[in-house]
Amino acid sequence: MMDSLVFFIISAVVIAGAVGVVMAERIFHAVLALALALLGVAAVFVTLGAEFLAVIQVLVYAGGVVVLFLFATMLTKSDLQLKRPPRGDELAPVSAVIFAIVALFYVASSGFASLGERASVIGSVGSVGGLIFNPQAYVIPFELVGLLLLAAMVGAIFLAKKEAAK
Amino acid sequence: MSVGEQYITIALFVIVGAIFPVLTIFVASLLRKPRTPEPQKYLTYECSVLPFGPAWVQHNVEYYMYALLFVIFDVETVFLYPWAMTYRSFGLFATVEVIIFIAVLALGLAYAWKKGALEWMRGWR
């Protein structure tokens, strides 16, 4: 009972943030609403017992990615008069409803088993580390993540350098 | 309640933090009557200097480069933490893995350094 109440409150905050992202008139407000939604997702992780994921969510998404978005926004020569253009797309709510129904059916039919109390064990730092550094488990993907980060870093610097040279 | 009891403190903190600014602004609006609007009152307060220009100035690309590198090494830190927690059970093997991981990312840092992404306000080489 208490759990579902907490879940519904947090979900309301996340949805409010998500709606704020698409409805905000100024792009800066949209980024702030995105931060709210991402923090709410971190709270959902906490209620599921996945505290490590919650910390990652705050550290990387709410902390890092949102800061990156803010800097990228401030790079633009956006004047204060910039407003979202009026839209005539009536299809948007329809497609959103269809997507929600499909997602709901998928979740309902997939039969996700509730982890219950085991979630805090599976999602703990120790067990995640045990999977990453276990030679039989995810060592190679872990190193590939390093290569992926390297590629992302080099690519972004290359593109930004080309842009700045203009 | 499967949620840890210690999170009640954080939840209270968030709730109080959300209510506090709203409440103070509401109380201030009660206190500042009578209401006599004047154009000077709506100026942005800036230490006795008249504000000029928009608050939105275009930032330099250096800020973006720093944010970008921050995100990358943020993710690196996320991976170092589980390694520190499981160091005792995996020992040398995991340490070698992490050293390779850090070395790969150090290559990226060296590239950024060489390209002058860490230089401040000096343009690009």
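Residues numbered from 1 in each chain as written. Chains lettered and ligands numbered in written order. Predicted model: local features only at pLDDT ≥ 70, side-chain atom pairs only at ≥ 80, totals over all residues. Heavy atoms only, no water.

Novice: If you had to explain the overall build of chain A to someone new, which residues and values would you point to?
Specialist: On a plain count of helices and strands, chain A comes out with seven helices and zero strands. From first element to last, N terminus to C terminus, chain A shows the α and β order α-α-α-α-α-α-α. Within chain A, the proportion of its 166 residues that are buried is 30%. Once local pairs closer than 6 in sequence are excluded, the contacts in chain A between residues at least 24 apart make up 52%. Put simply, chain A shows about 10,700 Å² of open surface, and 77% of that area lies on carbon and sulfur atoms. (Helix = DSSP H or I, 4+ residues; strand = E, 2+ residues; numbered from the N terminus. Buried < 20%, exposed > 50% of the residue type's maximum accessible area, 1.4 Å probe, protein only. Contact = heavy atoms within 4.5 Å. Areas by Shrake-Rupley, 256 points an atom, 1.4 Å probe, with all protein chains shown as cover.)

Novice: Quick one: what's the story with the overall build of chain B, residue by residue and with numbers?
Specialist: Check the secondary structure of chain B and you find four helices and zero strands. The order of helices and strands in chain B, counted from the N terminus, is α-α-α-α. Its C-alpha radius of gyration of 25 Å places chain B more than 25% over the 14 Å reference for a compact globule of 125 residues. Dimensions along the principal axes, computed over C-alpha positions, put chain B at roughly 75 × 55 × 20 Å. In chain B, buried positions account for 24% of the 125 residues. Of the contacts formed within chain B by residues at least 6 apart in sequence, a portion of 57% connects residues at least 24 apart. For chain B, the exposed area adds up to about 9,400 Å²; of that, 71% sits on carbon and sulfur atoms. (Rg over C-alpha atoms; globule rule 2.2 N^0.38 Å.)

Novice: I'd like a description of the packing of helix H2 (residues 27-47) of chain A against helix H3 (residues 51-75) of chain A, backed by residues and values.
Specialist: All names here are of chain A. Direction vectors running N to C along H2 and H3 enclose 175 degrees, while the axes themselves pass 9 Å from each other. In terms of axis orientation, H2 runs roughly antiparallel to H3. When H2 is examined against H3, the residues Ile27, Phe28, Val31, Leu34, Ala35, Leu38, Leu39, Val41, Ala42, Phe45 and Val46 are found in contact with a partner set consisting of Leu53, Ala54, Gln57, Val58, Tyr61, Ala62, Val66, Phe69, Leu70, Thr73 and Met74. Of the residues that constitute the contact of H2 with H3, the class distribution is 20 nonpolar, two polar and no charged. (Axes fitted to C-alpha atoms, helices over the stretch in contact; angles between N-to-C directions. Parallel < 35°, antiparallel > 145°, perpendicular 65-115°, else oblique. Nonpolar A, V, L, I, M, F, W, Y, C, P; charged D, E, K, R; others polar.)

Novice: Account for the environment of B:Phe101, naming residues and giving values.
Specialist: Looking at the element boundaries, B:Phe101 is found in helix H4 (residues 92-114). Through-space distance from the C-alpha of B:Phe101 to that of B:Phe79 is 9.3 Å; in sequence the pair is 22 residues apart. Those residues in contact with B:Phe101, other than ones at most four positions away along the chain, are A:Phe142, A:Glu143, A:Val145, A:Gly146, A:Leu149, B:Glu76 and B:Phe79.

Novice: Report on H2(A), specifying residues and quantitative values.
Specialist: Residue and element names in this part refer to chain A. End to end, H2 covers 31 Å across 21 residues, agreeing with the expected 30 Å (1.5 Å per residue, within 8%). For H2, every residue scored as buried is listed here: Ala30, Val31, Ala33, Ala35, Ala37, Leu38, Gly40, Ala42, Val44, Val46 and Thr47. At the C-terminal side of H2, Gly49 shows a positive phi close to 90 degrees. (Expected span 1.5 Å × (residues − 1).)

Novice: Describe the domain arrangement of chain B, with residues and values.
Specialist: For chain B, the assigned domains read domain 1 (3-42) and domain 2 (61-124). The straight-line distance from the C-alpha centre of domain 1 of chain B to that of domain 2 of chain B is 40 Å. (Domains from an automatic or database assignment.)

Novice: Give a description of the layout of surface pockets that names residues and reports values.
Specialist: Of the voids in this model, the largest pocket is the one considered here, and its volume is about 970 Å³. Taken together, 28 residues line the largest pocket, and the ones lying closest to its centre are A:Ile10, A:Ala43, B:Ile10, B:Ala11 and B:Val14. It is helix H1 (residues 6-31) of chain B that contributes the most residues to the lining of the largest pocket, nine residues altogether. Considering only residue class, the lining of the largest pocket consists of 25 nonpolar, two polar and one charged. (1 Å grid on protein atoms, 1.4 Å probe; cavity = no way out; pocket = protein on both sides within 12 Å on 5 of 7 lines; lining within 4 Å. Points joined across faces, edges and corners; volume = space filled by probe spheres on them.)

Novice: Which residues make up the side chain of B:Glu97, and what are the values?
Specialist: By the element assignment, B:Glu97 lies in helix H4. Sequence-distant contacts of B:Glu97, defined by excluding residues within four places in its chain, comprise A:Phe133, A:Val139, A:Phe142 and A:Glu143.

Novice: Tell me about the confidence of the model for chain B, residues and numbers included.
Specialist: Residues and elements named next belong to chain B. When the pLDDT values of chain B are averaged, the result is 81; 90% of them are 70 or greater. Across chain B, the secondary-structure element scoring lowest on mean pLDDT is helix H3 (residues 87-90), at 78, and the one scoring highest is H1, at 90. Model confidence for the complex: the whole-complex pTM is 0.76, and ipTM, which rates the interface, is 0.71. (pLDDT = per-residue confidence, 0-100.)

Novice: Can you lay out the domain arrangement of chain A for me, pointing to particular residues and giving the numbers?
Specialist: Residue and element names in this part refer to chain A. Taken domain by domain, chain A comprises domain 1 (2-132) and domain 2 (134-166). Facing the four residues of domain 1 at the interface are five residues of domain 2. For the domain 1 and domain 2 pair, buried surface summed over both sides reaches about 330 Å², with 59% attributable to carbon and sulfur atoms. For the domain 1 face of the interface with domain 2, the top three residues by lost area are Gly130, Leu131 and Ile132, together amounting to 99%. Here domain 1 and domain 2 share zero salt bridges between them. Class assignment for the residues of the side of domain 1 that touches domain 2 results in two nonpolar, two polar and no charged. (Buried area = accessible area lost by both parts, 1.4 Å probe. Salt bridge = Lys/Arg side-chain N within 4 Å of Asp/Glu carboxyl O.)

Novice: Break down the interface of chain A and chain B for me, with residues and values.
Specialist: Reports often express the size of an interface as the amount of accessible area lost when the parts come together. Taken residue by residue, the interface counts 51 residues in chain A and 50 residues in chain B. Between chain A and chain B, the buried area comes to about 4,600 Å², and carbon and sulfur atoms account for 81% of it. Remark: the boundary between chain A and chain B carries zero salt bridges. At the surface where chain A touches chain B, the tally comes to zero residue pairs in polar contact (both at pLDDT 80 or more). Mapped onto the side of chain A that touches chain B, the elements with two or more residues apiece are helix H1 (2-23), H2, H3, helix H6 (125-132) and helix H7 (139-165) of chain A. The element best represented in the side of chain A that touches chain B is H7(A), accounting for 17 residues. Looking at side-chain class alone, the side of chain A that touches chain B contains 34 nonpolar, eleven polar and six charged residues. (Polar contact = N/O pair within 3.5 Å; in protein donor to acceptor, adjacent residues only side chain to side chain.)

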